Amino acid sequence: MRRFNDLADFSNEEIKDLIALAARLDKNPEPRALEGKVLSLLFLSPSLRTLSSFQAAMIKLGGGAFVISPDMSIHGLESRYGIVMDGTAAEHVREAIPVIASYGDAMGVRAFAERRDLAHDLADTDFKNLTGLINKPWINMESAIDHPCQSLADWKTMDDLGVPEHGKFVLSWGYHPKALPLAVSAATLRMAAKRGMNIVHLRPPGFEMPPAIMDQARKAAAASGGSITETTDRREAMEGAHVIYTKSYSSTKYYGDKLGDQALREQLVGTWCVDEPWFANARPDCRFMHCLPVRRGVEVSDRILDGSRSVVIQEARNRLYAQMAVLYRMMKG
Amino acid sequence: MRRFNDLADFSNEEIKDLIALAARLDKNPEPRALEGKVLSLLFLSPSLRTLSSFQAAMIKLGGGAFVISPDMSIHGLESRYGIVMDGTAAEHVREAIPVIASYGDAMGVRAFAERRDLAHDLADTDFKNLTGLINKPWINMESAIDHPCQSLADWKTMDDLGVPEHGKFVLSWGYHPKALPLAVSAATLRMAAKRGMNIVHLRPPGFEMPPAIMDQARKAAAASGGSITETTDRREAMEGAHVIYTKSYSSTKYYGDKLGDQALREQLVGTWCVDEPWFANARPDCRFMHCLPVRRGVEVSDRILDGSRSVVIQEARNRLYAQMAVLYRMMKG
Amino acid sequence: MRRFNDLADFSNEEIKDLIALAARLDKNPEPRALEGKVLSLLFLSPSLRTLSSFQAAMIKLGGGAFVISPDMSIHGLESRYGIVMDGTAAEHVREAIPVIASYGDAMGVRAFAERRDLAHDLADTDFKNLTGLINKPWINMESAIDHPCQSLADWKTMDDLGVPEHGKFVLSWGYHPKALPLAVSAATLRMAAKRGMNIVHLRPPGFEMPPAIMDQARKAAAASGGSITETTDRREAMEGAHVIYTKSYSSTKYYGDKLGDQALREQLVGTWCVDEPWFANARPDCRFMHCLPVRRGVEVSDRILDGSRSVVIQEARNRLYAQMAVLYRMMKG
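The structure presented is a predicted model; accordingly, all values stated were derived computationally and were not measured. (Residues numbered from 1 in each chain as written. Chains lettered and ligands numbered in written order. Predicted model: local features only at pLDDT ≥ 70, side-chain atom pairs only at ≥ 80, totals over all residues. Heavy atoms only, no water.)

S.K.: Explain the relation of the copies chain C and chain A to me, and be specific about the residues and the numbers.
M.R.: Here the two chain copies are tied together by a rotation about an axis and a shift along that axis. Least-squares fitting of chain C to chain A yields an RMSD of 0.0 Å, with the superposition described by an axial translation of 0.0 Å and a rotation of 120 degrees. In short, the pair behaves as if placed about a three-fold rotation axis. (Least-squares fit on C-alpha atoms with pLDDT ≥ 70 in both.)

This is the structure:
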């Protein structure tokens, strides 16, 4: 495997093979599989789960990782081209990235969206510019518009829980005081579609997913026997649901317009916090999923997170094993 | 071993077994003992020795560790319950701690005292709330009121030096410009008592150890054939001493009262800095111990630290081997 | 090997043996050579390549490293002697360094020049004070006046590229908005001299290398059949050159005088940025070398860095293998 950037680059068989490998490595450790192998990790955005789980994954397979983050270790990285570097940034990505890559057998990169221009972020322009500089196998650890490690872990989590491939999957916007990136929602929609699920996207006006993402998801659903609809009606969305997956993100109507986003968002305080009444007409065992971090009492109530519906810790734990499978295929084959 | 939180949870035989294992691992390395094993380290307070020695310990045993610290990697952790998280903290410990724990085979946690309320800190309330969320074996890397890794290393250091089990042990307050936590002093008092030593606690008025700690130490001393007295008289304390262990901490009389502590503390500048005259009536080979970091010329003179009495580097080195023994028992049995 | 501080401490045979070992470890990995071995890394100055490549080197050899940096983990380190530590620094290097060293089998230290007094920095006084406290094998990861890991990697890079031992080597000052340390230039000059090269040092008035460094380089050149000249004339310098190695550094005439350095430096904007016309009378395959980080459009043009002359990524990659060879000799023999 040369890159792990988007689940869409893999057949469903390949995804299932990765998930089977993840389960095998959980059950039967292989502590020397990647001995002497190095994973280079570049974090241009903050992290907890990704930072921890990639390091843990390499140790469990007998290798190791090092972490570079501009805040920790270097005086800023310049990424614009053709610029005279007489400001504060002391190094350009055109040097830094090939160098960091040259010290590892594979590389992970995280760089969130700038959220100034929607088309720019949908094309993952900045991320492609960064990863185009890597001449080693590499992993998307969350870009402007994708988070394939989260999606692979979520797919495995649903398999582990026995959620049917064609089960009903609600992807819901949730309230959050800040405008957040689209990456997880966009990745989740396409993952659930690829898995064959019957998806309802529940979101308030102004928070519709971009047409390009909806199109990709619809095509994936068509190929796998799933479906996608959209609604602002919570009752309709939750009817018979197997899973509700919540994620907040910035308004797509006011993308890059901080004041417009804020004005729209403020009207939604208190009405988009997932709580038990949401589940009135869902399946009794309907699960609550979230990629974390999550704001308690804001996106979701304490009782949901602390109750039996929540599988957020299992999702996070599956990050470790999903990533071990990817690293194994990448560095051992 | 499921947890290493307090030496009092172990019999003296178990402590001696850990120290013997530490010595064995120093003499006969076992570089594959913990291959593929991961230690999760959560630092909610700063560190040098603990941060270094736990990572080194895992490498020496063939595994590895990852470090999470809010300053490094995440936008603050919320620890209050039932709160609406619409402020700056992006994640709650109820998610973060189980997730971090799930990536390792064991976990270490450091969280210093808040030093607002003495009863709260003596009960180690905040730390119990954190560690109650871990469903893996875990290690106290210094809590509000305990530091068992330091105590185990100090016990071993005295064994290495031939300090008799019933030797005279002076635990002395030392001057420091800031009010510091009670954890090391409280842990040291109980460790020396458990080891069977004849302890004199030397401290100025207003810096008495809390009665609850004194009671625990007296019971431990009674069980092991040791004793505890308290004094403000340096000459009396040092008479025939084998060891003086110095540690500064906040006034217990003015605990949580910054101005009261400061006013009392300022009267003690210059008179509580350990120096050679302190040793006039001690045993000629009386040792100076300190957990580090130590302020030169403030808590102790240069000539003591640089002279033959000081064993502070040996204590710090023993942290590594003491912790290797704990990790070995925890992850290998 | 007990220390790797200066290439001058080794014979040319020993250097060639290290380079051969580096090449062997690149071609034939030894992922268990240093199992259970720990490298302690202390960074008192920022880093990207050194931070990454030393961690990667230890993983590739089956051991591991931990990193201590005051910014990350500790409240400042005091290094003055005989001081009363009642300020902000919580720990003295006299404790911190032996403790950090005691957790590893070898130690790396980085501490840049203070650039207040040239004689002080030329004697590497601060660095000697720090490394004098280490009782383990240790490595200079860049001091006030040396950077032997960079030099060893650069020597290997020229070998890899077939640059003749007596080839023509131009060490050129480059423009940079800030005054930078002398370490890399001083190390490079002595490395190229030791390798036997015919060196021209190209620099504007006020940026002459200190006589002590020139003397060391001249002696090394005499022993190896090389030579050294100095000039301000670019055309003369570049005539028939095999390599131009660029590095900016502070004015030696105004060393420690920020305003004097700045006034002199400002006159040089735009005229000391390496670009294709510099190579008019060089050998057609003349290489561009730089230790990185480099400021594009300031020290060197984009087209040079992105063109076929530049070997800066190879130099950085060779850091990894050069350091693996040093670590191997230090910890395995």
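Next, the rest of the story.
S.K.: How would you explain empty space enclosed by the protein if you had to name every residue and give the values?
M.R.: Empty space among the atoms can be located by rolling a probe the size of a water molecule over them. Enumeration according to the criterion identifies one cavity of 30 Å³ or more in this entry. The space that makes up the largest cavity amounts to roughly 830 Å³. Lining the largest cavity are 42 residues; nearest its centre among them are A:Ile59, B:Ile59, B:Ala65, C:Ile59 and C:Ala65. Sorting the residues of the lining of the largest cavity by element identifies helix H2 (49–60) and strand S3 (64–68) of chain A, helix H2 (49–60) and strand S3 (64–68) of chain B together with helix H2 (49–60) and strand S3 (64–68) of chain C as the ones contributing at least two each. (1 Å grid on protein atoms, 1.4 Å probe; cavity = no way out; pocket = protein on both sides within 12 Å on 5 of 7 lines; lining within 4 Å. Points joined across faces, edges and corners; volume = space filled by probe spheres on them. Helix = DSSP H or I, 4+ residues; strand = E, 2+ residues; numbered from the N terminus.)

S.K.: How would you explain helix H13 (residues 312–331) of chain C if you had to name every residue and give the values?
M.R.: Compared with an ideal rise of 1.5 Å per residue, which puts 20 residues at 28 Å, H13(C) spans 29 Å between its outermost C-alpha atoms and is within 8% of the ideal. C:Gly333 occupies a position one or two residues after H13(C) and carries a positive phi of about 100 degrees. (Expected span 1.5 Å × (residues − 1).)

S.K.: For the sheet that holds strand S12 (residues 287–289) of chain B, give the residues involved together with the corresponding values.
M.R.: All names here are of chain B. Here five strands make up an open sheet; going across it, the order is S10-S9-S8-S11-S12 and the pairing parallel. Edge positions in the sheet fall to strand S10 (227–231) and S12, since each has one partner strand and no second. Ignoring strand direction, the axes of neighbouring strands in this sheet form an average angle of 20 degrees. Note: strand S8 (residues 168–172) against strand S9 (residues 198–202), five bridges, orientation parallel. Its bridge partner being in S9, Lys168 is matched across the sheet by Asn198. (Pairing = 2+ DSSP bridges. Axes fitted to C-alpha atoms, helices over the stretch in contact; angles between N-to-C directions.)

S.K.: Give a detailed account of the sheet that holds S3(B), specifying residues and quantitative values.
M.R.: Residues and elements named next belong to chain B. Strand order in the open sheet formed by five strands is S1-S7-S6-S2-S3, and the pairing between neighbours is parallel. A single partner strand is all that each edge strand has here, and the edge strands are strand S1 (3–4) and S3. Bridge count between strand S6 (residues 106–110) and strand S7 (residues 138–140): three bridges; the pairing is parallel. Within the sheet, the bridge partner assigned to Gly108 lies in S7 and is Ile139. Its contacts with the sheet place helix H13 (residues 312–331) against S1, strand S2 (38–43), S6 and S7, and it is angled at close to 155 degrees to S7. (Contact = heavy atoms within 4.5 Å.)

S.K.: For the interface of chain C and chain A, give the residues involved together with the corresponding values.
M.R.: If you look at the interface, chain C gives 30 residues, while chain A gives 33 residues. Where chain C touches chain A, the interface holds five salt bridges. Among the salt bridges present, the one from C:Arg32 reaches A:Glu35, with a minimum N-O distance of 2.9 Å. Taken together, the links from chain C to chain A amount to eight residue pairs in polar contact (both at pLDDT 80 or more). Looking at the side of chain C that touches chain A, the elements with two or more residues in it are H2, helix H12 (302–305) and H13 of chain C. The greatest single-element share of the side of chain C that touches chain A, amounting to eight residues, is contributed by H2(C). (Salt bridge = Lys/Arg side-chain N within 4 Å of Asp/Glu carboxyl O. Polar contact = N/O pair within 3.5 Å; in protein donor to acceptor, adjacent residues only side chain to side chain.)

S.K.: Hey, could you go over the environment of B:Val184 for me, with residue numbers and the actual values?
M.R.: Residue and element names in this part refer to chain B. Note that Val184 resides in helix H8 (residues 183–195). C-alpha of Val184 to C-alpha of Thr246: the two residues are 62 residues apart in sequence and 9.9 Å apart in space. Non-local contacts of Val184, meaning those with residues more than four positions away in its chain, are made with Glu142, His147, Tyr245, Lys247 and Cys291.

S.K.: Help me get a handle on the interface of chain B and chain A, residues and values and all.
M.R.: Each side of the interface is counted separately: chain B has 33 residues, and chain A has 30 residues. Here chain B packs against chain A, burying approximately 2,700 Å² in sum over the two surfaces, 59% of which is carbon and sulfur. Among the residues chain B hides against chain A, the three largest losses belong to B:Met85, B:Glu95 and B:Tyr103. Together they make up 24% of the total. Here chain B is connected to chain A by five salt bridges. Across the pair A:Arg296 and B:Glu95 runs a salt bridge, and its minimum N-O distance is 2.7 Å. Summed over the shared surface of chain B and chain A, the result is eight residue pairs in polar contact (both at pLDDT 80 or more). Of all elements in the fold, only S3, strand S5 (91–92) and helix H4 (93–102) of chain B reach the threshold of two or more residues within the side of chain B that touches chain A. (Buried area = accessible area lost by both parts, 1.4 Å probe.)

S.K.: Before we move on, could you go through the relation of the copies chain B and chain A and cite the residues and values that matter?
M.R.: Laying chain B over chain A is done by rotating through 120 degrees and shifting 0.0 Å along the axis; what remains is an RMSD of 0.0 Å. A share of only 3% of interface residues in chain B that are also interface residues in chain A marks the association as one of differing surfaces.

S.K.: Pulling in residues and values, what's your account of the packing of helix H8 (residues 183–195) of chain A against helix H9 (residues 211–224) of chain A?
M.R.: All names here are of chain A. Running from N to C, H8 and H9 point in directions that differ by 15 degrees, and their axes come no closer than 7 Å. Judged by the inter-axis angle, H8 sits roughly parallel to H9. Crossing angle aside, the handedness with which H8 passes H9 is right-handed. Where H8 approaches H9, its residues Ala186, Leu189, Arg190, Ala193, Lys194 and Arg195 are matched on the opposing element by Ile213, Met214, Gln216, Ala217, Ala220, Ala221 and Ser224. (Parallel < 35°, antiparallel > 145°, perpendicular 65-115°, else oblique. Left-handed = near helix turned anticlockwise from the far one by under 90°.)

S.K.: Give me the lowdown on the packing of aromatic side chains, citing residues and values where you can.
M.R.: Under the counting rule described, the total for this entry stands at 24 aromatic pairs over all chains. Look at A:Trp272 and A:Trp278: their rings are 6.1 Å apart centre to centre, the planes differ by 75 degrees, and that puts the pair in the edge-to-face class. The class of A:Trp272 is buried, set by a relative accessible area of 9%. Look at B:Trp173 and B:Tyr175: their rings are 6.4 Å apart centre to centre, the planes differ by 80 degrees, and that puts the pair in the edge-to-face class. Given a relative accessible area of 0%, B:Trp173 falls into the buried group. Taken together, the ring pairs connect A:Trp173, A:Tyr175, A:Phe207, A:Tyr249, A:Trp272 and A:Trp278 into an aromatic cluster. Directly above the aromatic system of A:Trp278 lies the positively charged group of A:Arg234, at a separation of 4.0 Å from the ring centroid. (Phe/Tyr/Trp six-rings, centres within 6.5 Å; stacked < 30°, edge-to-face > 60°. Buried < 20%, exposed > 50% of the residue type's maximum accessible area, 1.4 Å probe, protein only. Lys NZ or Arg CZ within 6 Å of the ring centre and 35° of its normal.)

S.K.: Tell me about the side chain of B:Asn5, and please be specific about residues and values.
M.R.: All names here are of chain B. Turning to its location among the elements, Asn5 is positioned in the loop between S1 and helix H1 (12–27). Within the local environment of Asn5, its side chain forms a polar contact with the side chain of Asn140, the two groups lying 3.0 Å apart. For Asn5, the residues in contact, after removing those within four places along its chain, are Phe127, Trp138, Asn140, Asp146 and Pro148.

S.K.: Let's hear about the pairing of strand S11 (residues 243–246) of chain B: which residues, and what values?
M.R.: Residue and element names in this part refer to chain B. Burial of S11 is two-sided: the residues Val243 and Tyr245 facing one way and the residues Ile244 and Thr246 facing the other way are all buried. For S11 and S12, the ladder comprises three bridges, and the chain directions are parallel. Bridge assignment links Val243 to a residue of S12, and that residue is Arg287.

S.K.: Lay out the pattern of salt bridges with the relevant residues and their values.
M.R.: In the structure shown here, the tally under the stated rule is 75 salt bridges over all chains. The shortest N-O distance in the salt bridge between B:Arg116 and B:Glu114 comes to 2.4 Å. Looking at B:Arg116, the relative accessible area reads 63%, which means it is exposed. Counted as one network, the salt bridges with shared partners bring together A:Arg94, A:Glu95, C:Arg296, C:Asp302 and C:Asp306.

S.K.: Kindly report on the pairing of S8(B), identifying the contributing residues and their values.
M.R.: All names here are of chain B. In terms of burial, S8 is largely enclosed, as five of its five residues are buried. Relative to S11, S8 is paired through four bridges, and the arrangement is parallel. Note that in S11 the partner of Val170 across the bridge is Ile244.

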